[in-house]
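What follows is each chain in one-letter form.
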Amino acid sequence: MSIAADSAQNIAHVLTEALPYIRRFSGKTMVIKYGGNAMVEQALKDGFARDIVLMKLVGINPVVVHGGGPQIGDLLKRLGKATEFVQGMRVTDSETMDVVEMVLGGLVNKEIVNLLNRHGGAAVGLTGKDGDLIHARKLVLQRDAPELEAPEILDLGHVGEVDSIDPAVINMLVQGDFIPVVAPIGVGKDGFSYNINADLVAGKMAEVLQAEKLVLLTNTAGLLDEQGGLIRQLEVARVNQLIAEGVIHGGMLPKIRCALEAVQSGVRAAHILDGRVEHAVLLDLFTDEGVGTLIRGR
């Protein structure tokens, strides 16, 4: 068999394997959290954009929620602004919040929109402030210590969590065949802007939209067991057990909790994928093998 014929057969195999998934997911909404290496390396950026545009072309409705922590850190450093982290979260005073809004709502958001449009999509950039999309509340953290009579309240400034989401503007864009690209900035009842963890926004967005899937791109292969092996599939009960046993810990813990809340609130499945793998989103959605960890809700 010639090389050309062999290549054609491989393409035909890929297409026939993908077809049942395309049929199943046509008309469904998928929320994808975009960040990590996939947002930095050019080949991965181009691959991600092509994946999202292809999803839209075959009838799936992708909604992208993005992060931008490293980009915020880089600009703060160039401005000579010191950054303090508490329990993994950036303390955000008013000046830092101005930088966050400029980077997330401006530079990063518009770069992603441009990337999707360059690859044939019709993307529209938003922050949670647009269309009254994300209502936020100030995040309150406590620190317990033996020397303290009562827990210490930690003030992180303009760091928030999702209070509620009004999906009207998202639904309007999806119905108009646009791809929404959302920066995780919300507004509180106090009128202040709040920076919210992008994983949390993606999870809540998936719940409100009753998405078919929540996809979280990370810088690891997925959820790993105690021996470092990839756990390909999990039921909700097993997730709770792994959290209790301490297998799920560190930076993976908030991602898993976000995925867990989503599937318990009606999202059919959550995927934790390795954003360092080119075309990770398509490989996971449209192939039998997949490339990450799948958490099923029902």
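Scroll up for the structure.
Computed from a predicted structure; not experimentally measured. (Residues numbered from 1 in each chain as written. Predicted model: local features only at pLDDT ≥ 70, side-chain atom pairs only at ≥ 80, totals over all residues. Heavy atoms only, no water.)

Novice: Lay out the overall build of the chain with the relevant residues and their values.
Specialist: A tally of regular secondary structure across the chain gives 9 helices and 16 strands. Counting the 298 residues in the chain, one finds 49% classified as buried. The contacts of the chain with a sequence gap of at least 6 include a subset with a gap of at least 24, amounting to 74%. Counting only carbon and sulfur atoms, one obtains 53% of the accessible surface of the chain, whose full area is about 14300 Å². (Helix = DSSP H or I, 4+ residues; strand = E, 2+ residues; numbered from the N terminus. Buried < 20%, exposed > 50% of the residue type's maximum accessible area, 1.4 Å probe, protein only. Contact = heavy atoms within 4.5 Å. Areas by Shrake-Rupley, 256 points an atom, 1.4 Å probe, with all protein chains shown as cover.)

Novice: Describe the packing of helix α3 (residues 69-78) against helix α4 (residues 94-118), listing the residues and the values that go with them.
Specialist: Interaxial distance between α3 and α4 falls to 10 Å at its minimum, and their mutual angle equals 125 degrees. By the angle between their axes, α3 is oblique relative to α4. The element α3 and its partner α4 pack so that their crossing is right-handed. Between α3, through Gln71, Ile72, Leu75 and Leu76, and α4, the contact on the second element is made entirely by Thr96, Val99, Val100, Met102, Val103, Leu104 and Val108. When the residues that make up the contact of α3 with α4 are grouped by side-chain class, the tally is 9 nonpolar, 2 polar and no charged. (Axes fitted to C-alpha atoms, helices over the stretch in contact; angles between N-to-C directions. Parallel < 35°, antiparallel > 145°, perpendicular 65-115°, else oblique. Left-handed = near helix turned anticlockwise from the far one by under 90°. Nonpolar A, V, L, I, M, F, W, Y, C, P; charged D, E, K, R; others polar.)

Novice: Please provide a residue-by-residue account of helix α5 (residues 168-175), values included.
Specialist: Taken together, the buried positions of α5 are Val169, Ile170, Leu173 and Val174. Along α5, the residues classed as buried sweep out an arc of 135 degrees about the axis, all on the same side. Of the residues in α5, the exposed ones pointing more than 90 degrees away from the buried face are Met172 and Gln175. Elements that come into contact with the buried residues of α5 comprise α2 (42-57), β2 (61-66), β5 (123-127), β10 (179-183) and α6 (198-209). In the stretch just after α5, Asp177 is the one whose phi turns positive, near 65 degrees. (Arc of directions from axis to C-beta.)

Novice: Residue-level account of the sheet that holds strand β9 (residues 159-165), with values.
Specialist: Judged by pairing direction, the barrel is mixed, and its 4 strands sit side by side in the order β6-β9-β12-β11 before closing back on the first. Between one strand axis and the next, the sheet turns through 60 degrees on average, direction left out of account. For β9 and strand β12 (residues 193-196), the ladder comprises 2 bridges, and the chain directions are parallel. Within β12, the position partnered with Gly160 by the bridge is Ile196. Of the strands in this sheet, β11 (185-188) and β12 touch α4, which is tilted by about 65 degrees from β12. (Pairing = 2+ DSSP bridges.)

Novice: How would you explain the sheet that holds β2 if you had to name every residue and give the values?
Specialist: Taken together, 8 strands build an open sheet; the order of strands is β5-β10-β2-β1-β13-β15-β16-β14 and the sheet is mixed. Of all strands in the sheet, those bounded by a partner on one side alone are β5 and β14 (233-235). Here the strands of the sheet are splayed against their neighbours by 20 degrees on average, with no regard to which way each runs. In terms of strand pairing, β2 meets β10 through 2 bridges, oriented parallel. Bridge pairing in β10 places Val64 opposite Val181.

Novice: Break down the pairing of strand β16 (residues 293-296) for me, with residues and values.
Specialist: Alignment of β14 against β16, held across 3 bridges, turns out to be parallel. Note on β16: the bridge partner recorded for Leu234 is Ile295. Relative to β16, strand β15 (residues 269-274) runs antiparallel, the two being bridged by 4 bridges. When the bridges of β16 are listed, Ala270 appears paired with Ile295.

Novice: Run through the side chain of Asp51, naming residues and quoting values.
Specialist: When you line up the elements, Asp51 lands in helix α2. Buried within the structure, Asp51 lacks any salt-bridge partner; its nearest side chain of opposite charge belongs to Arg50, at an N-O separation of 6.2 Å. With residues near it in sequence (within four places) discarded, Asp51 still touches His279, Ala280, Val281 and Leu282. (Lys, Arg positive; Asp, Glu negative; His and termini not counted. Salt bridge = Lys/Arg side-chain N within 4 Å of Asp/Glu carboxyl O.)

Novice: Just give me the short version of α6, but keep the residues and values in it.
Specialist: Helix length check: α6, at 12 residues, gives a terminal C-alpha distance of 16 Å against a target of 16 Å (1.5 Å per residue), a fit within 8%. Where burial is concerned, most of α6 is hidden: 9 out of the 12 residues are buried. Looking at α6, one finds that the buried residues are Ala198, Asp199, Val201, Ala202, Gly203, Met205, Ala206, Glu207 and Leu209. Where α6 starts, the residue carrying a side-chain oxygen 2.8 Å from the main-chain nitrogen of Asp199 turns out to be Asn197. (Expected span 1.5 Å × (residues − 1). Polar contact = N/O pair within 3.5 Å; in protein donor to acceptor, adjacent residues only side chain to side chain.)

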